[in-house]
Amino acid sequence: MVSIRFAFKLQSICNKILTNRKKKAKRRFFLLQNSSHISLLLYFCIVIKAKRNHLNETDSKMTNKIHFTKMHGAGNDYIYVDTLLYNIPDPEAAAIAWSAPHTGIGSDGLVLICKPTTDAADYRMRIFNADGSEAMMCGNASRCIGKYLFENGLTNKTEINLETLSGIKVLNLHIADDGKTVKSVTVDMLEPRMSVPEQYTPVSDEPLKAAFRTFKGTFVSMGNPHYVVFVDDIKDIDIARFGSILEHDKSFPQRCNIEFAQVVGTNNIRTRVWERGSGITMACGTGACATAVAAYLTGRAERKSNILMDGGTLEIEWSEADGHVYMTGPAAFAFEGEINLPEANEE
C-alpha cells in the first residue's frame with residue numbers, strides 16, 4: 001500500500017508536470033518517453049485525492065467544530081448549517097446556545113439544510129427557534145436557502161422544491177444579469193387555512209385578553225399558526241408585552257405567532273411581529289402572508305399587497321387562480337464562521 005505522505009508527494013509532482021506551461025515541449029517529450037509511469041502516477045493521484053476528499057468529508061461530519069453561515073431575509077436572521085457536511089446531533093440545544101446574542105452567534109434561530117425524504121424535493125429545511133422549539137415553516141429562511149444553494153454552486157436550478165414540515169414549497173429564484181447572484185426569491189407558500197382546530201380553538205367569541213387590553217384578530221395558518229390584529233396606531237402597541245401574552249393564550253394549543261398590523265396606504269400594511277419561540281423579529285415571511293390574507297378577508301386590502309416590516313418590505317399575492325399565497329422578497333448573506341457544538345448537559 002502506498003503511504004499517504006508518498007501519495008501526496010506523487011500528487012504534487014503530477015500537478016507540477018501538468019501545470020508548468022513554460023515547459024510544454026519538454027513535458028510532451030517526457031510524457032511520450034514515460035507514458036506508462038505517468039499513467040500510474042496519475043492513477044495514484046486520482047485515487048489518493050478521492051480518498052482525501054472522503055476523509056475530509058467524514059472528518060467534517062464527525063467534528064465538534066461546525067461551519068455556519070449567517071443570513072437574513074428582511075432582517076429575519078438565522079444560522080444556516082449544511083447537514084450534508086456536518087452532523088448536528090442535538091439541534092434544539094444548538095439553536096438555544098448559538099442564538100444567544102451575547103454568548104453565541106446571535107440569531108432568531110437555527111436552520112438546517114438537509115437531504116430530502118422524498119424524491120419530489122431537492123432539499124429539506126428544518127427550523128429551530130431561539131428557544132429550541134421546531135417550527136413548521138419560515139418564509140424568510142426558505143428564500144435564504146434558495147440563495148445559499150445557488151450562489152454556493154450546490155444547484156444550478158432557478159426553481160427549487162424545498163421540503164418543509166408544512167409541505168413542499170417551490171422557490172423561484174430571480175437571478176441578476178451576472179448570472180451568479182440571486183436578487184430575490186418568490187416562494188409558493190401554498191394555500192392559507194382559516195380553520196385548524198389543533199392550532200386554534202377559540203374559547204369564546206370574545207376578544208382575547210392581554211394585560212389590561214383586549215384584541216380581536218383573524219386566525220390564519222400558513223402551516224404555522226398566526227393571529228393578525230389590526231390596530232389604529234402600531235406605535236402605541238407594546239409588542240413584547242402583549243405579544244408574549246397572546247402567544248400563550250388558551251385558544252392556541254400549539255402557541256401562536258402574533259402580528260400587529262396597521263394599514264398605512266392603499267395595499268400597504270405596516271406589520272410588527274411577535275414570533276412564537278423567538279420573540280420580536282425584524283420580519284416574518286409566513287406572518288407577512290398571514291397579514292395579507294387577513295387584510296383581504298377583512299376588506300382592508302386587495303389580493304396583492306406590500307407588507308412593511310421592521311427589516312424590509314415583502315410583496316405578497318394571494319392568487320385568485322389557484323388560491324396559493326406567493327411571497328417575494330430579498331435574501332442576504334451576513335457572515336460565516338466556525339463554532340463548536342454545545343456541550344452535552346451533565347446530569
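Here is a short report on the structure shown in this document.

Parameters at a glance
Residues numbered from 1 in each chain as written. Predicted model: local features only at pLDDT ≥ 70, side-chain atom pairs only at ≥ 80, totals over all residues. Heavy atoms only, no water. Helix = DSSP H or I, 4+ residues; strand = E, 2+ residues; numbered from the N terminus. Buried < 20%, exposed > 50% of the residue type's maximum accessible area, 1.4 Å probe, protein only. Contact = heavy atoms within 4.5 Å. Disulfide = S-S within 2.5 Å. Arc of directions from axis to C-beta. Phe/Tyr/Trp six-rings, centres within 6.5 Å; stacked < 30°, edge-to-face > 60°. Lys NZ or Arg CZ within 6 Å of the ring centre and 35° of its normal. Pairing = 2+ DSSP bridges. Right-handed = clockwise from strand over helix to strand, strands pointing away. Salt bridge = Lys/Arg side-chain N within 4 Å of Asp/Glu carboxyl O. Patch = residues over 30% accessible without salt bridge, like charges linked within 9 Å, V, L, I, M, F, W, Y side chains within 5 Å. Areas by Shrake-Rupley, 256 points an atom, 1.4 Å probe, with all protein chains shown as cover.

1. Comments concerning the overall build of the protein chain
Next, step 1: When you go through the protein chain residue by residue, the secondary structure sums to 7 helices and 19 strands.
Next, step 2: Looking at the protein chain residue by residue over its 347 residues, the buried ones come to 47%.
Next, step 3: Sequence-distant contacts in the protein chain: of pairs separated by 6 or more residues, those separated by 24 or more amount to 62%.

2. Re the state of the cysteines
Next, step 1: Counted under the stated rule, the structure contains 0 disulfides.
Next, step 2: No disulfide involves C144; its sulfur sits 8.0 Å from the nearest other cysteine sulfur, which is in C138.
Next, step 3: What makes C144 buried here is its relative accessible area of 0%.
Next, step 4: The thiol of C289 is not disulfide-bonded; the next cysteine sulfur, from C284, is found 8.5 Å away.
Next, step 5: According to the relative accessible area criterion, C289 is buried, its value standing at 0%.

3. Regarding helix α4 (residues 91-99)
Next, step 1: When we look at burial in α4, the residues that qualify are P91, A94, A95, W98 and S99. Viewed along the axis of α4, the buried residues span an arc of 105 degrees, placing them on a single side of the element.
Next, step 2: In this structure, the buried residues of α4 make contact with β1 (65-73), β2 (76-82), β3 (109-114), β4 (123-129) and β19 (332-340).

4. Focus: the packing of aromatic side chains
Next, step 1: Following the criterion strictly, the structure yields 9 aromatic pairs and no others.
Next, step 2: Centroid distance Y200 to F219: 4.8 Å. Interplanar angle 15 degrees. Geometry classified as stacked. One end of the pair, Y200, is in the loop between β8 (182-188) and β9 (208-210); the other, F219, is in strand β11 (residues 218-221), with 19 residues separating them in the sequence.
Next, step 3: Judged by centre distance (5.5 Å) and plane angle (25 degrees), the ring pair of Y200 and F252 falls under stacked. Taken together, the residues Y200 in the loop between β8 and β9 and F252 in the loop between α6 (239-247) and β13 (257-265) connect sequence positions 52 residues apart.
Next, step 4: Classification of F252 by relative accessible area gives buried; the value is 4%.
Next, step 5: Of the aromatic side chains, those joined through ring pairs into one cluster are Y200, F219, Y227 and F252.
Next, step 6: Between the NZ or CZ atom of R303 and the centre of the ring of Y296, over which it lies, the distance is 4.5 Å.
Next, step 7: Positioned above the aromatic ring of W318, the side-chain terminus of R303 is 4.9 Å from the ring centre.

5. Overview of the pairing of strand β12 (residues 225-230)
Next, step 1: Among the 6 residues in β12, 6 count as buried, and that is most of the element.
Next, step 2: Of the two faces of β12, the one holding P225, Y227 and V229 and the one holding H226, V228 and F230 are both buried throughout.
Next, step 3: Sheet analysis places β11 next to β12, joined by 4 bridges and oriented antiparallel. Residue pairing for β12: T218 is matched across the bridge by V228.
Next, step 4: Counting the residues in the hairpin turn of β11 and β12 gives 3 residues, including G223, whose phi is positive at 100 degrees.
Next, step 5: Sheet topology note: the β12/β13 ladder contains 5 bridges and is parallel. Bridge pairing links H226 to N257 in β13.
Next, step 6: Assessed by its sense of winding, the connection that carries the chain from β12 through α6 to β13 is right-handed.

6. Here we look at the environment of F230
Next, step 1: Relative to the assigned elements, F230 resides in strand β12.
Next, step 2: By relative accessible area, which is 15% here, F230 ends up buried.
Next, step 3: Through-space distance from the C-alpha of F230 to that of E259 is 8.3 Å; in sequence the pair is 29 residues apart.
Next, step 4: For F230, the contacting residues outside a window of four places in its chain are A261, V263, I269, T291, A294, A295, T298 and R300.

7. Structural notes on unusual backbone geometry
In terms of backbone geometry, most residues other than glycine have negative phi values and most peptide bonds are trans.
Next, step 1: Not every positive phi belongs to a glycine, and L190 is a case in point at roughly 65 degrees.
Next, step 2: Secondary-structure assignment places L190 in the loop between β8 and β9.
Next, step 3: A positive phi angle is found at R255, which is not glycine, with a value near 65 degrees.
Next, step 4: With respect to the element layout, R255 can be found in the loop between α6 and β13.

8. Digging into the pattern of salt bridges
Next, step 1: For the coordinates displayed, the defined rule picks out 9 salt bridges.
Next, step 2: One salt bridge in this structure joins D77 and K70, with 3.2 Å as the shortest N-O distance.
Next, step 3: Since its relative accessible area comes to 18%, D77 is described here as buried.
Next, step 4: Note that R272 and D310 form a salt bridge whose closest N and O atoms lie 3.1 Å from each other.

9. Overview of a nonpolar patch on the surface
Next, step 1: Taken together, the side chains of M194, Y296 and L297 make up a nonpolar region of the molecular surface, amounting to roughly 250 Å² of accessible area.
Next, step 2: Mapped onto the secondary structure, Y296 falls in helix α7 (residues 285-297).

10. What to know about α6
Next, step 1: When we look at burial in α6, the residues that qualify are I239, F242, G243, L246 and E247. Summarising the axial view, the buried residues of α6 lie within an arc of 135 degrees, below the 170-degree limit, and thus occupy one face.
Next, step 2: Next to the buried residues of α6 lie β9, β10 (213-215), β13, β14 (268-275) and β15 (279-281).

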